[in-house]
Amino acid sequence: MLRLLSLNALLFIFSFDAISISAQNRVDPFSQSPEQIIVLTDETEELLIGKSISYLADERNEITFEEVRDTLHNSLFRKCEQAIPNFGNVQLTTWNKFVVVNNSTMQWLLLVGNYSLDSLSLYYPNSDGSYGVIESGRRFPLSTRQYKTSFFAFDLNVAKGDTAVFYLKVSSFFMQYPLTVMSKEKFVESNHYGDMFGGFYYGFMLLIIVYNLFLYFSIRDVSHIYYVIYVVFIGL
């Protein structure tokens, strides 16, 4: 009888330990994903998020968004180990997944720093759990873009205190694309300085062209015409 009680006690202790270990190993669903969570705060202005995303390569461009979100395809995502995703010069489609937690009071943008990408589709969550999509890329007219810049910009609508999962589909031959999350305030400031620099640069190039044209008509030295042509094709 005593032996039986001892055996039951051991079984109880073993079962309790197993339950405790199981509880300790139970983690949040996001932590099982290969991508890292991107946390935005009021102290953050911009983040290069290459190493915080996961990706799924689609060589035949056949996978749909509904398939990307199912359990089978979701398990095939791999963590990106590069600060700037680079798949080389090859015709390819990639699905890029990233998770954003907004602990700030600011509005945010996703910037894709490669103007030569053929097609981009950002899938964003709606309040009812469905997903919307924004299309962009060099195949689309500049007039269709919300932000008329030399790169591609998308709104990241995440309310303060919320967590959102975004998917970015990229299809192109030049598969290198820096991904940056930036506050709208920083975006406006950066574009302002960029416009100022561009104005000074093109003004200086125009001054060189006018000056060399003046020299050509003054002394009829054809080398100044060659230099003007050089500046037009190289400098501008």
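Along each chain, numbering runs from 1 in the same order as the chain's sequence is written. Local features in this predicted model are restricted to residues of pLDDT 70 or higher, and side-chain atom pairs are both shown and tallied only at a pLDDT of 80 or more, whereas totals for entire chains, interfaces and linings draw on every residue. Values reported for side chains reflect all heavy atoms of the structure, with hydrogen atoms and water molecules removed beforehand.

Okay, the pairing of strand S11 (residues 179-183) next. When accessible area is computed with a 1.4 Å probe and restricted to protein chains, residues below 20% of their type maximum are described as buried, those above 50% as exposed, and intermediate ones as partly exposed. Each helix is a run of DSSP H or I of at least 4 residues and each strand a run of E of at least 2, with the numbering of both proceeding from the N terminus. A large share of S11 lies buried, amounting to five of its five residues. By the alternation rule, side chains of S11 split into Leu-179, Val-181 and Ser-183 and Thr-180 and Met-182, which are all buried. Here a strand pair is declared whenever DSSP counts at least two bridges between the two strands. Taken together, the three bridges between strand S2 (residues 46-48) and S11 define a ladder with antiparallel strand orientation. When the bridges of S11 are listed, Leu-47 appears paired with Val-181. Here strand S6 (residues 108-112) pairs with S11 via five bridges, running antiparallel. Of the residues in S11, the one forming a bridge with Trp-108 is Ser-183.

What follows concerns the packing of aromatic side chains. Think of it this way: a Phe, Tyr or Trp ring, Trp meaning its six-membered ring, pairs with another when their centres are within 6.5 Å, and the plane angle makes it stacked under 30 degrees, edge-to-face over 60, tilted otherwise. Following the criterion strictly, the structure yields 15 aromatic pairs and no others. Chaining the aromatic ring pairs together yields one cluster made of Phe-65, Phe-77, Trp-95, Tyr-123, Tyr-131 and Tyr-167. Lysine and arginine charges are scored as sitting over a ring when NZ or CZ, respectively, is within 6 Å of the ring centre and within 35 degrees of the ring normal. The ring of Phe-77 has Lys-97 sitting right over it, with the charged end atom 5.9 Å from the ring centre. Above the face of the Tyr-216 ring, Arg-220 is positioned so that its terminal group lies 5.7 Å from the ring centre.

This part covers the sheet that holds strand S9 (residues 152-156). The strands making up a sheet associate through hydrogen bonds between their backbones, and the pairing can be parallel or antiparallel. With antiparallel pairing, the four strands of this open sheet are ordered in space as S2-S11-S6-S9. At either end of the open sheet lies a strand with only one pairing partner, and these are S2 and S9. Strand after strand, the sheet turns through a mean of 20° between neighbouring axes, direction not considered. Every axis in this analysis is a line fitted to C-alpha atoms, fitted for helices over the stretch in contact. Angles between the N-to-C directions lie between 0 and 180 degrees.

Now for the environment of Trp-108. Assignment of secondary structure puts Trp-108 in strand S6. For the pair Trp-108 and Val-158, spaced 50 residues apart in the sequence, the C-alpha separation amounts to 8.1 Å. Here, two residues are considered to be in contact whenever any of their heavy atoms come within 4.5 Å of each other. Here Trp-108 is in contact with Leu-40, Thr-41, Thr-44, Glu-45, Asn-102, Phe-154, Asp-155, Leu-156, Val-181, Met-182 and Ser-183, once residues within four sequence places are set aside. Any N or O atom pair separated by 3.5 Å or less is treated as a polar contact, with the protein-specific requirement of one donor-capable and one acceptor-capable atom, and with residues adjacent in sequence counted only for side-chain atom pairs. Of note is the side chain of Trp-108, whose polar atom sits 2.9 Å from the side chain of Ser-104.

Before going further, it helps to examine the nonpolar core. For soluble globular proteins, nonpolar side chains are generally found buried alongside one another. Phe-98, Leu-110 and Val-112 are the most contacted members of the largest nonpolar core, which totals 28 residues. Sorting the residues of this core by element identifies strand S1 (37-40), strand S5 (86-102), S6, strand S7 (119-125), S9, strand S10 (163-176) and S11 as the ones contributing at least two each. With five residues, the single largest contributor to this core is S10. Here, nonpolar core refers to any group of buried Ala, Val, Leu, Ile, Met, Phe, Trp, Tyr and Cys residues whose side-chain atoms link them within 4.5 Å.

Here we come to the side chain of Thr-149. By secondary structure assignment, the location of Thr-149 is in the loop between strand S8 (131-136) and S9. Take Thr-149: its relative accessible area is 11%, and that puts it in the buried class.

Read these as layout, nothing more, since geometry by itself doesn't imply function.
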